[in-house]
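# Structural overview
Next come the chains, spelled out residue by residue.
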Amino acid sequence: MAASVVSPRPANAARPGPGDGREQDFKTYVDQACRAADEFVNIYYETMDKRRRALTRLYLDKATLVWNGNAVSGQEELNKFFEMLPSSEFQVNVLDCQPVHEQATQGQTTVLVVTSGTVKFDGDKQRYFNQNFLLTAQATPTNTVWKIASDCFRFQDWAS
């Protein structure tokens with residue numbers, strides 16, 4: 001399984017920004033980042049539903065997941081956590097993304113990805129969820145791939 005999403009630009013390239021005379025470049029950068037986020041989301045949820053054992057390949061070694069307020073960090077703990085979840089069927093209804101300003105990430109190319117939709121875990125009713133990812137670009141010898149640095153999942157249960 002190829003668990004990588006190719007970056008829209010080199011990880012160390014200067015990022016265009018609003019007001020610096022490169023607005024069209026910034027819009028192009030946002031569009032490219034959102035295409036990468038769309039590809040990433042497809043890979044993530046397909047892997048979650050069908051190849052869960054491979055899911056931690058999408059995370060940085062020291063990534064953190066906060067699942068309904070419960071924090072899990074590091075590859076080994078993430079793997080244990082995902083293995084204990086029942087089988088799932090995710091349906092993403094909304095996807096949004098935006099580049100995170102390099103001043104907030106010490107120059108690391110980072111994208112905030114927000115998803116919401118429905119999930120049905122085996123033995124449970126279908127529920128609404130919201131999930132936020134911070135993806136960072138990681139350079140490899142042949143390209144740049146996106147990895148999850150932080151992941152926050154929350155069921156969206158409303159009182160009836």
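A short tour of the structure in this document, coming up. (Residues numbered from 1 in each chain as written. Predicted model: local features only at pLDDT ≥ 70, side-chain atom pairs only at ≥ 80, totals over all residues. Heavy atoms only, no water.)

For the rest of this paragraph, the subject is the overall build of the chain. Looking only at helices and strands, the chain has 2 helices and 6 strands in total. Each helix and strand of the chain, ordered N terminal to C terminal, gives the series α-β-β-α-β-β-β-β. Counting every atom, the chain has about 8,900 Å² of accessible surface; 48% of that belongs to carbon and sulfur. (Helix = DSSP H or I, 4+ residues; strand = E, 2+ residues; numbered from the N terminus. Areas by Shrake-Rupley, 256 points an atom, 1.4 Å probe, with all protein chains shown as cover.)

Core analysis: the biggest nonpolar cluster contains 34 residues, and Tyr44, Tyr59, Trp67 and Phe82 have the highest contact counts within it. For this core, the elements supplying multiple residues, two or more each, are α1 (23–50), β1 (59–67), α2 (75–84), β3 (88–99), β4 (110–121), β5 (126–139) and β6 (144–155). Here this core takes 9 residues from α1, the largest share from any one element. (Core = buried A, V, L, I, M, F, W, Y, C linked by side-chain atoms within 4.5 Å. Buried < 20%, exposed > 50% of the residue type's maximum accessible area, 1.4 Å probe, protein only.)

Further remarks concern the sheet that holds strand β2 (residues 70–73). Note: strands within a sheet are paired through backbone hydrogen bonds, in either parallel or antiparallel orientation. Pairing in this open sheet of 6 strands is mixed, and the strands run β2-β1-β6-β5-β4-β3 from one edge to the other. Each end of this open sheet is capped by a strand with a single partner; those strands are β2 and β3. Averaged over all adjacent pairs, the angle separating strand axes in this sheet is 20 degrees, with direction ignored. Bridge analysis of β1 against β6 gives 5 bridges, and the strand direction is parallel. Bridging from a neighbouring strand, valine 66 pairs with cysteine 152 of β6. In this fold α2 packs onto β1 and β2, with an angle of close to 45 degrees to the strand it touches most, β1. (Pairing = 2+ DSSP bridges. Axes fitted to C-alpha atoms, helices over the stretch in contact; angles between N-to-C directions. Contact = heavy atoms within 4.5 Å.)

This part is about the pairing of β2. Two elements, β1 and β2, share 4 bridges in a ladder whose sense is antiparallel. By the bridge assignment, valine 66 is partnered in β2 with alanine 71. Counted along the chain from β1 to the antiparallel partner β2, the turn is 2 residues long, and its residue asparagine 68 has a positive phi close to 50 degrees.

This part is about the packing of aromatic side chains. As enumerated under the stated definition, the model contains 20 aromatic pairs in all. When the centroid spacing of 6.3 Å and the interplanar angle of 85 degrees are considered together, the rings of phenylalanine 121 and phenylalanine 155 count as edge-to-face. Of this pair, phenylalanine 121 sits in strand β4 while phenylalanine 155 sits in strand β6; the two residues are 34 residues apart in sequence, bridging distant segments of the chain. Above the face of the phenylalanine 155 ring, arginine 127 is positioned so that its terminal group lies 3.7 Å from the ring centre. (Phe/Tyr/Trp six-rings, centres within 6.5 Å; stacked < 30°, edge-to-face > 60°. Lys NZ or Arg CZ within 6 Å of the ring centre and 35° of its normal.)

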